[in-house]
Each structure stands twice: as C-alpha cells, then as structure tokens.
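The residues making up each chain are set out below.
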Amino acid sequence: MPVYSADWVLPIESDPIRDGAVTVEDGVITDVSPGRGEHFDGAVIVPGFVNAHSHLEYAVYAGFGDGRQFDEWLSVHVQRKARLDLDEMTAIARLGAAECLRSGITTVGDASYSGAAATACAELGLRAIVYLEVFGRETDHIAERFEANRDRVASSLSDRVRIGVSPHTVFTASLELWRAATELGVPLMTHFAETELEVEWARSGRGLTSIRELAEHGLLGDRLVAAHCVHLDDEETALLAAAGVSVAHCPRSNALLGCGIAPLRTLLDAGIRVGLGTDSPASTPSFDMFEELRACVMAARARERRADAISAREALELATLGSARALGLDAETGSLAPGKHADLTVVSLQGSPYLPWEDPVGAVVFGGSPSRVLLTVVDGTERYRRGMTEWPELTAAAYSARSKLLASEPAAQPLP
C-alpha cells in the first residue's frame, strides 16, 4: 500500500495540506491527510494533469511551417503527414505519450488521425479518451475512418483508454457528418473558432457548416469538447453555454499560430466548463503543461488588463479538475480524493525561486517544469520516475520518423 508524502499536498477540491500524504491501494486513493510515507523534500503532490486537447501523433512535428498564415501552416502539415505509414505514426504517438508522462500529465483528450494514440496510451500507461477524426461532406467517413480505426485499435481499449469521435471542424465536416458522428453515442471533440479565417469561411458559406447551424439542428451537447474558441461572438458563447459544450483552452498554440487570445474570463463567467490543453508540438514546442499554465495566466491577464483576471489557483484547477470536467472524467480523476483513481504527480521546487514556501500553488504554476517532475503515477502504477524511467528505443524510433518529415519541404498551398 504505497503512501507518498511531500511538504505540501494540493487536493484541488479542498485546502492545501502542509506535510501531507496520499495513500494508495489497488490503484485508488484511500486517504489524503497530514502524514508521512515515501517523502519528497521541497516538493508538492498535485493531481496528475489532465491535458484536455492534444495530438500525440504530432509529437515530432515541431517547427514545420512556423510563421506562416494558418491555412498555409496547415497545408504544410497535411502534406508532411502523408509521408508516414501507420508504424511511424504509432512510434511518434508513443513519444508523445512518454513526454506527457514526463510533464506530469496522467490523462489526455487526444484528437487522433490514425488511432495510433490509443495504442500508445495503452502501452505507456496514460489515461485517455482518443477521439478519432472524421472529415468531409459524406457520412461514409464514419465507416471508412472511425469504424475502421476503432476496430484496428480495439485491443488497446479499456476503462483507461476509451474511444470518441472528432468531426474535425465546422469547415471540414458537413452537417450530415456531424449528425452521423453524434449518433454514435460516444464523446466528441472538435475545433471551434480557432482563427478569424475559419469564422470568415463559416459566415460566408465557404465552410461546410457553422456553430449556429449545429445548434439549430440540436448537434451541440454536453458530450462535446471544443478546442480553442478564440473568436466566438456573444451569441455563439451563449449557444455553447446553453448546450453544455466544454472548451479546451490552448493559449500557447493560439499565440504561436497568431490566432489571438481566447476570452477565458468570459467563457468561465458564462458557466462553460473549461479545461487546459497543450495542443501539439506542431503548433507549440512541447506537451509542457507548466508552460501552458503560465501562458494561461499571462494571456488572460493581458487580454483583460487586470492582474486578478485569473489566479494561479484557478489556473491549476483548469489543468486538473477543470480539464477532467471538460472531458466528463471528474468523477474518476482530476483531484486528490478518496475513491478516485490514484493519478498524481510529484513536483520538486528545489532550486527554484519559490523556496522557502509562501504559496505552494503559485510555486507549482510559476516555478514548475517537466525537469522538476519527480514522479508520475497513473491508476496507482508509477509510469515515470525521474532518473529511472528512460525511453531510448522509443525516442530513437520517433526521431527516425521525424527524419522523413524533414526532407525537402513542400510548397504550402492555401486550403481551398
């Protein structure tokens, strides 16, 4: 019966516990209270981070198309992805899962082109909902893509790794495809209002559907997670709130692609469930949830021009329980409480400017990093321990796949 203790335990749903301990039995948390076990000095125990929006299959895509307009950037990635076979996509997804664990992430909501993310999460021990992507005007993608990929990765599925569906966006998936995806009865993920160009396409009719049209046909609901939501108008925000749609906030991706700053405070004040997501290294350099936390705070304060626009405590909740709520997993994970899965992360603040302690929450948000993660536990099983867990063969295979992507960059073409 493992017992982990540290200078502080941050349960999220209750006050921080000084000199706290988390007791684990059969993969479940049985006690969170002051105590002593395997002790980590100068460290904090937090719930494992829940990454509300990732693309593990793009773990080695960093830097491609940087600085281009969104449609040209997307074209570069579509063309390069076509160079890879399924084994290479799986090798890349394995590295993505490993990097998440190294960053203290224990759960992902992953939008997956090939389904390789399900295989990777099952093998590496990451908790996941893997949303299989579908595109186009016709509903045949449900059989050709969703069902085919689901059946291929069926052996990887479990209570820990589950399947959802992702109609990619309102401009790449038709109303008919959205309806067919919704009728599957599984969790849904999409990308809404990421760029001004997308909004322009929807309003001009160049896109295949729109947020308003989805609402009119009853296709928005509480099983849907919408990534980004940078350029919503007031009516669209109200439609999402009324339907119970969740939002995955990805501030680093939005900034680096020049998309803008999502109205985080407005979304929260509207009562929308919001989680924090890293997106992928195709648009951000890493699956580093600590950098995402800091970007979340800085972007919200810059947009609102108020230092109290979002607190460190609110940001940490977004990256844990908030993301779990967005994915519909808050009864299972996202906070440290008896009865929940033993998903936890130990973060050292040794060598940071935040010791000796004043505020352990602020210390984690502003002083944490993957290099400070000492331990990542999923379902009571240690999946990463600093200095002991290495993935050399996995890393080599993913870098080999990246080498195929480096060959003579194709000329980017704007999307039609």
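Note: the structure precedes this text.
Remember, it's a predicted structure, so these values are computed and weren't measured experimentally. Position labels on residues start from 1 in each chain and follow its written sequence. In keeping with the predicted nature of the model, local features appear solely for residues at pLDDT of at least 70, side-chain atom pairs appear and are counted solely at 80 or more, and the whole-chain, interface and lining totals rest on all residues. Here the side-chain values reflect all heavy atoms present in the structure, with hydrogen atoms and water set aside.

Student: Hey, could you run me through the nonpolar core in this one?
Tutor: It is characteristic of soluble globular proteins that their nonpolar side chains tend to be buried jointly. For the purposes of this section, nonpolar cores are sets of buried Ala, Val, Leu, Ile, Met, Phe, Trp, Tyr and Cys residues that join through side-chain atoms within 4.5 Å. The buried label applies to any residue whose accessible area, calculated with a 1.4 Å probe on protein chains only, is under 20% of its type's maximum; exposed applies above 50%, and partly exposed to all values in between. The biggest cluster of nonpolar side chains holds 103 residues, and the ones touching the most others in it are Leu56, Tyr61, Phe192 and Leu240. A run of DSSP states H or I qualifies as a helix once it reaches four residues; a run of E qualifies as a strand once it reaches two. Both are numbered from the N-terminal end. By residue number, the principal contributor to this core is helix 2 (residues 86–102), which donates eight residues. Ile29, Ala342, Leu374 and Leu375 belong to the second-largest nonpolar core, a separate cluster that totals 18 residues.

Student: Whenever I open this one, the packing of helix 11 (residues 289–304) against helix 13 (residues 360–367) confuses me. Can you help?
Tutor: A pair of packed helices can be characterised by two numbers: the angle between their axes and the separation between those axes. Where helices are involved, their axes are fitted lines through C-alpha atoms of the stretch in contact, as for all axes, and angles between N-to-C directions lie from 0 to 180°. Closest axis-to-axis distance for the helix 11/helix 13 pair is 7 Å, and the angle between their directions is 105 degrees. Considered as vectors, helix 11 and helix 13 are oriented roughly perpendicular to each other. On helix 13, the residues that touch Phe290, Leu293, Arg294 and Val297 of helix 11 are Val364, Val365, Phe366 and Gly367. Classes in brief: Ala, Val, Leu, Ile, Met, Phe, Trp, Tyr, Cys and Pro nonpolar; Asp, Glu, Lys and Arg charged; the others, Gly included, polar. Taken together, the residues that form the contact of helix 11 with helix 13 break down as six nonpolar, one polar and one charged. For classification purposes, angles smaller than 35 degrees are called roughly parallel, those larger than 145 roughly antiparallel, those between 65 and 115 roughly perpendicular, and all remaining angles oblique. Whether two residues are in contact is decided by their heavy atoms: any pair within 4.5 Å suffices.

Student: Mind showing me how you'd approach the sheet that holds strand 2 (residues 17–25) here?
Tutor: Each strand in a sheet pairs with its neighbour through backbone hydrogen bonds, running either in the same direction (parallel) or in the opposite one (antiparallel). The criterion for strand pairing is that DSSP finds at least two bridges linking the strands in question. Strand order in the open sheet formed by seven strands is 3-2-1-4-13-14-15, and the pairing between neighbours is mixed. Whereas interior strands pair on both sides, the edge strands pair on one side only; in this sheet they are strand 3 (28–34) and strand 15 (381–385). Each strand axis lies, on average, 35 degrees off the axis of its neighbour in the sheet, ignoring direction.

Student: What am I meant to see in the packing of aromatic side chains here?
Tutor: What counts as a ring pair is set by centres within 6.5 Å for rings of Phe, Tyr and Trp (its six-membered ring), and what kind of pair is set by the plane angle: stacked under 30 degrees, edge-to-face over 60, tilted for all other angles. The full count for this structure, using the stated rule, is seven aromatic pairs. Ring centres of Tyr58 and Tyr61 lie 4.8 Å apart, and the angle between their planes is 45 degrees; this geometry places the pair in the tilted category. The same class applies to Tyr58 as to Tyr61, namely buried. Here the aromatic rings of Tyr384 and Trp391 are separated by 6.0 Å at their centres, their planes lie at 20 degrees, and the arrangement is stacked. One exposure class covers both Tyr384 and Trp391, and it is buried.

Student: Help me out: how do you make sense of the side chain of Thr172 in this one?
Tutor: Within the fold, Thr172 resides in the loop between strand 8 (161–167) and helix 5 (175–182). Within the local environment of Thr172, its side chain forms a polar contact with the side chain of His168, the two groups lying 3.0 Å apart. Two N or O atoms count as a polar contact when they lie within 3.5 Å, although within protein this holds only if one can serve as hydrogen donor and the other as acceptor, and sequence-adjacent residues are included solely when both atoms are side-chain atoms. Polar side-chain contacts of Thr172 include one of 2.8 Å to the side chain of Thr169. With near-sequence residues (within four places) excluded, Thr172 lies in contact with Phe135, Gly136 and Leu208.

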